[in-house]
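Single-letter residue listing:
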Amino acid sequence: MKPSLHQPLLFFFLATVLPLILTVHSQSDDSDFIRTSCNTTLYPDLCFSSLSSFSSSVHNDPALLARAAISVTLTKTLDLASYLANVTTLQPESNEDGAHHPTAAAVFHDCFDNLKDAVEEMRGSMKQMRELVSTGSLESFRFQMSNVQTWLSAALTDEETCTDGFKDIHDEPRKDDVCARVDDVKKMTSNALALVNRCVDKAIH
């Protein structure tokens, strides 16, 4: 009996086309998971744009997604701290009568210190997320995640303190740029905290 002409075509479909379809479907599911998760944050578009590249590695796992969110936020905060370190080493701007702005210089320095604290708090959060183990104890999980929530909340407070310090600073050319950069970090920190909270809620319910 001669083999059907359809058999080679079927084999080709199963060997090449079907895996591609399944891969695209899987990627779509992963992307949908991130989009749905991000919709629970205050800044969903920023959340999705910063985390969409992790779609194939989080595997629809709320804990892995929360960890990715903390990681990208930590990287962004480190970049900002590095930028501020350069700003604080510059001479304070002078006004028209030649006087310096010691208050502005102090605010830049305080902001840098606050961001250093935020970095350490995010590192603590990342360490705790890496150490999450499936012990079968919900109480243990909640305790570990409460540490993460506390550290991220503290980091957010430090970032808000940074921008609050600039409210009474005027005629400082770098103020708007620094505040805009810190605001971006604040939004990412807020999103990371929201995803951590979602991870806890999913585990409890």
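Quick notes on the packing of aromatic side chains
Here comes step 1: Summed over the entire model, instances satisfying the criterion amount to one aromatic pair.
Here comes step 2: Between phenylalanine 108 and phenylalanine 166, the ring centres sit 5.2 Å apart and the planes meet at 70 degrees, which makes this aromatic pair edge-to-face. With phenylalanine 108 in helix α4 (residues 102–130) and phenylalanine 166 in the loop between α5 (138–164) and α6 (175–204), this residue pair connects regions lying 58 residues apart in the sequence. Considered together, phenylalanine 108 and phenylalanine 166 belong to a single accessibility category, that of buried residues.
Here comes step 3: It is arginine 35 that lies over the ring of phenylalanine 48; its NZ or CZ is 3.8 Å from the centre.

Remarks on the pattern of salt bridges
Here comes step 1: Under the definition given, this model contains eight salt bridges.
Here comes step 2: Arginine 35 is the partner of aspartate 45 in a salt bridge, and the nearest nitrogen-oxygen pair spans 3.8 Å. On the criterion of sequence distance, the pair formed by aspartate 45 in helix α2 (residues 44–51) and arginine 35 in helix α1 (residues 6–38) is long-range, its members being 10 residues apart.
Here comes step 3: Aspartate 45 gets classed as exposed once you look at its relative accessible area, which sits at 59%.
Here comes step 4: For arginine 35, a relative accessible area of 32% gives the class partly exposed.
Here comes step 5: A salt bridge links glutamate 120 to arginine 123, with the shortest nitrogen-to-oxygen separation between them at 2.9 Å. With glutamate 120 and arginine 123 both in helix α4 and three residues apart, the pair spans about one turn of that helix.
Here comes step 6: Using a relative accessible area of 47% as the deciding quantity, one classes glutamate 120 as partly exposed.

What to know about the nonpolar core
Here comes step 1: Formed by 32 residues in total, the largest nonpolar core has its most connected members in Ile34, Leu51, Ile70 and Leu152.
Here comes step 2: Counting residues per element, the ones that place at least two in this core are α1, α2, α3 (62–89), α4, α5 and α6.
Here comes step 3: At eight residues, the largest contribution of residues to this core is made by α3.
Here comes step 4: Excluding its chain neighbours within four sequence positions, the residues that come into contact with isoleucine 70 are Met122, Ser125, Met126, Met129, Val148, Leu152, Ala192 and Val196.
Here comes step 5: Among the nonpolar cores identified, the runner-up in size contains 17 residues, and Leu80, Leu84, Cys111 and Val182 belong to it.

Basis of the calculations
- Residues numbered from 1 in each chain as written.
- Predicted model: local features only at pLDDT ≥ 70, side-chain atom pairs only at ≥ 80, totals over all residues.
- Heavy atoms only, no water.
- Phe/Tyr/Trp six-rings, centres within 6.5 Å; stacked < 30°, edge-to-face > 60°.
- Helix = DSSP H or I, 4+ residues; strand = E, 2+ residues; numbered from the N terminus.
- Buried < 20%, exposed > 50% of the residue type's maximum accessible area, 1.4 Å probe, protein only.
- Lys NZ or Arg CZ within 6 Å of the ring centre and 35° of its normal.
- Salt bridge = Lys/Arg side-chain N within 4 Å of Asp/Glu carboxyl O.
- Core = buried A, V, L, I, M, F, W, Y, C linked by side-chain atoms within 4.5 Å.
- Contact = heavy atoms within 4.5 Å.

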